[in-house]
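Each chain, letter by letter, is given below.
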Amino acid sequence: MLNEVAGSYQGFSMINTSSFIDLVTIKGSGHMVPTDRPGQSLQMITNFIMGTRDYNMPANVNMNQAPLKDQYKTTQPMYTRKELDKVYNLPGLTFPITFENYAGYLKASPGNYMHYWMVTSQTSPGSDPLFLWLTGGPGCSGLGALLTELGPFRPNPDNRTLSENVFSWNKFANILFLESPRGVGFSFQNMTENNDTIWDDDRSGDIQNVNLVGMAVGNGELNSIIGSNSLLSDMYYHGYLGTGEWAMLAQCCNTTYQLLPFCPFDQRYYVSSDGSAYPKDPNDACDNLIADKINNVWTEDMLLYSDVYNQNQDCYQQTSYLLGSVRSAKTRQKVVEHTRKFIKQQKDASVTNYVDAYRYNNDNYNPISTDPLGGFPCFGTDAAADYLNQPEVRKALHVPDFLSKTTWGFCK
């Protein structure tokens with residue numbers, strides 16, 4: 001039995017008589033005490049009738065509910081796992097959908113509960129293939145890919161509503177987006193069932209009795225040396241390295257511009273366990289140059305001016321400097337002068353005023369952007385995170401209440 005404070009009591013005795021008055025209050029009740037606190041009020045009145053004046057004594061009565069008569073008995077509805085995981089109302093959806101959504105947890109191994117979101121095919125869900133999507137990282141959520149890459153939904157700039165992605169891959173397939181490994185996104189570990197704190201390939205890759213028809217790997221890491229060697233030519237072709245730097249690398253390899261991509265740069269550096277390049281000879285200028293350029297892609301300046309995961313990113317409404325941006329005052333002024341000259345030739349004063357009033361007074365506007373996506377590459381990541389962290393969205397995706405303090409993020 002659980003003991004708790006039920007109220008307060010103060011007794012008063014009458015002089016020269018056996019009569020008494022007890023003032024009893026029941027905690028948490030209103031005017032209608034038996035309605036608000038039925039158990040406490042029953043204990044109170046039982047002790048009053050018995051004359052014990054000890055209101056702490058439990059009522060010695062049977063409190064088990066009597067069985068229902070047969071004609072009033074009903075069977076408890078039984079729901080299937082599919083019915084329990086179905087998403088019946090997805091908050092912020094701005095268009096009607098012809099496919100179904102399911103979300104919940106898969107018990108990958110004892111104590112590890114992996115959150116998933118599945119969208120059925122828009123064509124023939126019963127016969128179309130099933131895709132299992134695992135975002136890399138390692139440690140990045142599949143839900144990020146659903147909302148920003150290949151899923152049927154796109155978060156809007158308000159961070160609360162969803163628009164349609166007409167190029168969604170579920171046009172022809174059922175897709176299950178998994179948040180893995182444990183601890184990523186809404187996936188969690190029950191430490192009571194499993195207190196293991198180790199992550200490795202043996203634990204993450206132990207998949208048995210799965211009939212995979214095929215497997216595709218995007219941006220896979222095949223070999224750190226080959227990847228680092230090719231990184232130099234990739235950076236040159238995309239403008240991260242200038243012709244002067246490329247010429248210096250050619251001298252280190254004693255070859256031509258055209259053959260430089262095939263240079264065995266790895267003879268002059270090594271890659272540590274954390275992925276950083278180090279010169280084999282710290283005193284050799286070429287060894288240091290090659291290692292420095294390989295590491296350059298991860299420097300703070302490079303990450304500030306460009307997105308290493310999307311080097312072609314180019315947004316109308318960008319919020320930070322990007323490679324090729326015209327937000328610098330000097331470059332922007334050149335664009336302003338060129339545009340004014342063109343408009344003057346067209347003799348359209350209204351357009352000239354519009355340009356002066358908005359476009360070049362807004363630091364977040366890139367007038368020569370080639371962005372065809374309305375700025376989505378710039379705001380989509382933050383919008384997806386804000387959308388998924390709304391309480392009503394988490395509830396719709398069957399995220400348990402005990403994870404309410406867990407903030408969803410793309411990667412962990």
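Residues numbered from 1 in each chain as written. Predicted model: local features only at pLDDT ≥ 70, side-chain atom pairs only at ≥ 80, totals over all residues. Heavy atoms only, no water.

You'll find the protein entered in an unreviewed UniProt entry as Serine carboxypeptidase, with Panagrolaimus davidi given as the organism.

Engineer: Help me understand the side chain of Ser141, please; the structure alone is not making it clear to me.
Structural biologist: With respect to the helices, strands and loops of the structure, Ser141 is situated in the loop between strand E5 (130-134) and helix H4 (142-150). On the basis of relative accessible area, Ser141 is assigned to the buried category, the value being 1%. The residues touching Ser141, leaving out its near neighbours within four places in the chain, are Thr135, Leu178, Glu179, Val184, Trp408, Gly409 and Phe410. (Helix = DSSP H or I, 4+ residues; strand = E, 2+ residues; numbered from the N terminus. Buried < 20%, exposed > 50% of the residue type's maximum accessible area, 1.4 Å probe, protein only. Contact = heavy atoms within 4.5 Å.)

Engineer: How should the confidence of the model for the protein be read in this particular structure?
Structural biologist: For any part of a model where pLDDT is low, the fine detail of the predicted coordinates should not be relied upon. The share of residues in the protein with pLDDT of 70 or more is 79%, and the mean pLDDT across the chain is 80. Here residues 321-329 is modelled with pLDDT under 50, and outside its nearest four sequence neighbours on either side it reaches 26 contacts, counting other chains as well. Contacts of residues 346-364 to residues separated by more than four positions or lying in other chains number 25 contacts, the stretch itself having pLDDT below 50. (pLDDT = per-residue confidence, 0-100.)

Engineer: Explanation requested: H4 in the structure shown.
Structural biologist: An α-helical segment advances 3.6 residues per turn. Residues three or four places apart therefore align on the same side. Burial runs high along H4: 8 of the 9 residues are buried. Inspection of H4 places Gly142, Leu143, Gly144, Ala145, Leu146, Leu147, Thr148 and Leu150 among the buried residues, and these make up the whole buried set. If you check the start of H4, you find a side-chain oxygen 3.0 Å away from the backbone N of Leu143, and it comes from Ser141. (Polar contact = N/O pair within 3.5 Å; in protein donor to acceptor, adjacent residues only side chain to side chain.)

Engineer: Mind showing me how you'd approach the pattern of salt bridges here?
Structural biologist: Think of it this way: side chains of opposite charge can pair up when their charged atoms draw near. For the structure shown, the criterion picks out 9 salt bridges. With its nearest N and O atoms 2.6 Å apart, the salt bridge here joins Arg53 to Asp22. Of the two residues, Arg53 is situated in the loop between helix H2 (38-50) and helix H3 (81-85) and Asp22 in strand E2 (residues 20-26); the sequence distance between them amounts to 31 residues. What makes Arg53 partly exposed here is its relative accessible area of 24%. Judged by its relative accessible area of 19%, Asp22 falls in the buried class. For the salt bridge of Arg268 with Asp287, the shortest nitrogen-to-oxygen distance reads 2.6 Å. One end of the pair, Arg268, is in the loop between helix H7 (243-253) and strand E10 (269-271); the other, Asp287, is in helix H8 (residues 285-295), and 19 residues separate them in sequence. On the basis of relative accessibility, which here comes to 24%, the residue Arg268 falls in the partly exposed class. Among the charged side chains, a network of salt bridges with common partners joins Arg268, Asp284 and Asp287. (Salt bridge = Lys/Arg side-chain N within 4 Å of Asp/Glu carboxyl O.)

Engineer: Teacher, can you tell me more about the packing of helix H6 (residues 224-237) against H8 here?
Structural biologist: Helix-helix packing is described using two parameters, namely the angle between the two axes and the distance between the axes. For the pair H6 and H8, the least separation of the axes is 9 Å and the interaxial angle reads 75 degrees. By the angle between their directions, the pair H6 and H8 is classed as roughly perpendicular. Taking contact as the criterion, the partners of Ser228, Leu231, Leu232 and Met235 in H6 are, on H8, Ile290, Lys293 and Ile294. Of the residues in the contact of H6 with H8, the class split is 5 nonpolar, 1 polar and 1 charged. (Axes fitted to C-alpha atoms, helices over the stretch in contact; angles between N-to-C directions. Parallel < 35°, antiparallel > 145°, perpendicular 65-115°, else oblique. Nonpolar A, V, L, I, M, F, W, Y, C, P; charged D, E, K, R; others polar.)

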